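A closer look at the structure
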Amino acid sequence: MRILYKIERIIYNVELTAIVTLLLALSVFAFGQVVMRNMFSYSIIWMATFNNIALLVLAMLGASIATSSFERSHINIDLFQGILPFPYNKYLNALLTLIASAACVLFVYLAMHYVMVTKHVGKIEEAVHLPEWVITMIFPVCFCSMAYKFFICFLRDLVDIKDKINSNRIDADK
Amino acid sequence: MNFIILGLILLAVFGEPLFIIIGSAAFASFYFLLNISPSTLFTDFYRLTTMPVFVAIPLFIFSGYVLADSRVPEKMLRFTHSLLGWLPAGLCLVALIACSVFTAFTGASAITIVAVGTLLYPALIKDNYPENFTLGLITTGGSLGTLFMPCLPLILYGVIASQQAPLNVEDMFIAGLIPGLLLLVLMWAYAFFFGVKYTTREKFSFPELASATRDIIWELPLPFFIIGGILSGLFSAPEAAAIAVIYILIIELFVTRDMNAKTLIQVIRRSMIMNGSILIIVGMALGLTDVFVNLSVPDKLFSIISANISNKYVFLILLNIFILAVGTTMDIFSACAVVVPIIVPIAVKYGIDPVHLGIIFLANLELGFITPPIGMSLFISSIKFNKSFPTILKSVIPFFLILVIGLLLITYIPELSLYLLKFTDQKNLIDPASLL
């Protein structure tokens, strides 16, 4: 179990490093573009393309770290989990994260199909000299990471339920 | 397909992340209704990279979070208090302005209530304002800046609606100014009676104002620079966002040194989690919009509605009720992503300007923040001020009614939203008839 958590932490750190680097680069390049355009009436095309791609990558990476078991920050209608008593709220949470994990596996499959299609089409982002299919790889990679993290959330929920029931039992015995 | 939709609605109500629900609905619709590969959704999602205006979203979120984590809330309160605190109900006005400015920059009421509300609550109580009134003011103030540039929902609406009708984000920024001020003034008018009844007026102190101004001198030009720059057409929304980020980073890291590198990484983490959870919904919703367009959903809905309602004003009343209902069950970002593609084409056919519609839409969703069962501000205030949910709910009722009055004025006086657009040379008012 501990190794699974450790893998989640490693993935999280890699994603966070990429996010910090990309966001700072995006900020500097976007500002650079403003300065170039307004002061020199000039625009660097690769910077603009980079910014647009960085936006997509930041969105997917941000969504991926939001899924981590220690973040759990995705937007949802958080109504029943506050109303239901323990352990039903935890059971509901575990079920929802398991379904989310399965859904993400399906998304990975569909995203891979999309990557294959773009690879077959063979379009290249000329400004950054990068084939489009390489950029689209962010979809399956991040959904794969999300599927794994939702599964870890599911495991953590089960462990929480078990721990709480055990501690209640010990309290009752005392 | 009906079974899938029902299942997805149930999952959404029980708390499944909304991007899973919207994505699954889009994938299923592509496969079962349009008989094309569900992977088509990613073609729509990838369109994020072809719309440069989207770059404004992560940059504005980032700059808002940097401001929230620095000493800016404290400095801003001190400055507005020294400037306006001497007016009757001056502290309430300070609270409303501070909340509006902060929400406009952070785009999320949770941060405003936590960062600004925490400082305001003891100050208002100390000034003898009743607790119930104070809680209502801060809870409602948490979403008051939604109509002020560069608030995130304005950008989102502008970007999503621009897929259906010719408008741009800068139009939304300008159109939101008067309606935003109207709501602020209405709230202050209500607070005025409390100010006169419960508090004594403070004296204006020039030395305090000078000291507070010196304290915030570096951050103070930012809102004026952004508003002025966009109003004068000097730069676009993404450009304003880029300037804001670099300016704030330089000020907070190197000039005032309110932030260090370690805090900055945590700010980036939190802001990009917010960015990711919004944009993944938007990306999935772009796929769902594609489905709606292919199935001519807005056209079909329009023919059903127009068969029963021919009057534009009756339609507007029903639209308000519908959006309010959406706001009570859905957060503002998901509502923008899912509902806007459907209502924009219908409203345009009724002769409603899409920019005006956007302001009505967002003013409604602003109310959604304080309307149960999913009123986010209600939950945040309940936790933050350690009060029961019914106590908070009771406290916002008068403010809710005031905002409803404001909403009706915004709905039935389109000039409130469209008047300023006449003065911007690069933007033209959209004639809805030309879209038909």
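Residues numbered from 1 in each chain as written. Chains lettered and ligands numbered in written order. Predicted model: local features only at pLDDT ≥ 70, side-chain atom pairs only at ≥ 80, totals over all residues. Heavy atoms only, no water.

The helix and strand tally for chain B stands at 22 helices and zero strands. In terms of overall size, chain B behaves like a compact globule, its C-alpha atoms giving a radius of gyration of 22 Å where 436 residues would be expected to give roughly 22 Å. Counted over contacts in chain B with a minimum sequence separation of 6, partners at least 24 positions apart contribute 79%. Surface accessibility of chain B: about 16,100 Å² in total, with carbon and sulfur atoms responsible for 70%. (Helix = DSSP H or I, 4+ residues; strand = E, 2+ residues; numbered from the N terminus. Rg over C-alpha atoms; globule rule 2.2 N^0.38 Å. Contact = heavy atoms within 4.5 Å. Areas by Shrake-Rupley, 256 points an atom, 1.4 Å probe, with all protein chains shown as cover.)

So, about the interface of chain B and chain A. With 54 residues of chain B at the interface, the matching set in chain A holds 54 residues. Where chain B abuts chain A, roughly 4,800 Å² becomes buried across the two surfaces, and 79% of that area is made up of carbon and sulfur atoms. Counting the surface chain B buries against chain A, the share from its top three residues, B:Phe14, B:Phe42 and B:Tyr46, is 15%. For the interface between chain B and chain A, the tally reads two salt bridges. Put simply, A:Arg37 and B:Glu239 hold a salt bridge, and the shortest N to O gap is 2.5 Å. The interface formed by chain B and chain A includes eight residue pairs in polar contact (both at pLDDT 80 or more). Secondary-structure elements contributing two or more residues to the side of chain B that touches chain A are helix 1 (2-14), helix 2 (18-33), helix 3 (40-46), helix 4 (56-69), helix 14 (237-255), helix 15 (261-294) and helix 18 (332-349) of chain B. No other element matches the 13 residues that helix 15 of chain B contributes to the side of chain B that touches chain A. Taken together, the residues of the side of chain B that touches chain A sort by class into 38 nonpolar, 12 polar and four charged. (Buried area = accessible area lost by both parts, 1.4 Å probe. Salt bridge = Lys/Arg side-chain N within 4 Å of Asp/Glu carboxyl O. Polar contact = N/O pair within 3.5 Å; in protein donor to acceptor, adjacent residues only side chain to side chain. Nonpolar A, V, L, I, M, F, W, Y, C, P; charged D, E, K, R; others polar.)

We now examine the side chain of B:Thr139. Residue and element names in this part refer to chain B. With respect to the helices and strands, the residue Thr139 is situated in helix 8 (residues 131-141). Residue classification places Thr139 among the buried residues on the basis of a relative accessible area of 0%. A distance of 2.6 Å separates the side chain of Thr139 from the backbone oxygen of Leu135, its partner in a polar contact. A polar contact of 2.8 Å, which involves the side chain of Thr139, links it to the side chain of Ser381. With residues up to four places along the chain from it excluded, the contact list for Thr139 reads Ile113, Ile370, Ser377, Leu378, Ser381, Ile392 and Val396. (Buried < 20%, exposed > 50% of the residue type's maximum accessible area, 1.4 Å probe, protein only.)

Turning our eyes to something else, we now look at the pattern of salt bridges. In the structure shown here, the tally under the stated rule is 18 salt bridges over all chains. One salt bridge connects A:Asp157 with A:Arg72, and the closest N-O pair in it is separated by 3.2 Å. Here A:Arg72 lies in the loop between helix 2 (45-67) and helix 3 (80-83) and A:Asp157 lies in helix 6 (residues 138-173), a separation of 85 residues in the sequence. Accessibility expressed as a relative area gives 32% for A:Arg72, which makes it partly exposed. Across the pair B:Asp215 and B:Arg78 runs a salt bridge whose closest N-O atoms are separated by 3.6 Å. Of this pair, B:Asp215 sits in helix 12 (residues 206-216) while B:Arg78 sits in helix 5 (residues 72-84), placing them 137 residues apart in sequence. A relative accessible area of 24% means that B:Asp215 is categorised as partly exposed. In this structure B:Arg78 comes out as partly exposed when scored by relative accessible area, which is 29%. Where salt bridges share partners, they join B:Arg71, B:Glu74, B:Lys75, B:Arg78, B:Glu208, B:Asp215, B:Glu219 and B:Asp258 into one cluster.

For helix 2 of chain A, spanning 23 residues, the distance from its first C-alpha to its last is 34 Å, which sits close to the expected 33 Å at 1.5 Å a residue. Among the 23 residues that make up helix 2 of chain A, 19 are buried, leaving the element largely enclosed by the rest of the structure. (Expected span 1.5 Å × (residues − 1).)

Attention now goes to empty space enclosed by the protein. Residues and elements named next belong to chain B. Under the definition given, this model contains five cavities of 30 Å³ or more. Looking at the largest cavity, its volume works out to about 60 Å³. If you trace the largest cavity, you find it lined by Gly85, Leu87, Pro88, Ala89, Gly90, Leu91, Asp127, Tyr129, Thr199, Thr200, Arg201 and Glu202. Looking at side-chain class alone, the lining of the largest cavity contains five nonpolar, four polar and three charged residues. (1 Å grid on protein atoms, 1.4 Å probe; cavity = no way out; pocket = protein on both sides within 12 Å on 5 of 7 lines; lining within 4 Å. Points joined across faces, edges and corners; volume = space filled by probe spheres on them.)

A word on the packing of helix 1 of chain B against helix 2 of chain B. Residue and element names in this part refer to chain B. It is the contact of helix 1 with helix 2, at a shortest axis distance of 10 Å, that shows an interaxial angle of 175 degrees. Considering the angle they form, helix 1 stands roughly antiparallel to helix 2. Residues Ile4, Leu8, Leu11 and Ala12 of helix 1 lie in contact with helix 2, whose contacting residues are Leu18, Ile21, Ser24, Ala25, Ala28 and Phe32. Split by residue class, the contact of helix 1 with helix 2 holds nine nonpolar, one polar and no charged. (Axes fitted to C-alpha atoms, helices over the stretch in contact; angles between N-to-C directions. Parallel < 35°, antiparallel > 145°, perpendicular 65-115°, else oblique.)

This paragraph deals with the confidence of the model for chain B. Here chain B averages 87 in pLDDT, and 97% of its residues register 70 or above. Scored by ipTM, the complex comes to 0.94, with pTM at 0.87. (pLDDT = per-residue confidence, 0-100.)

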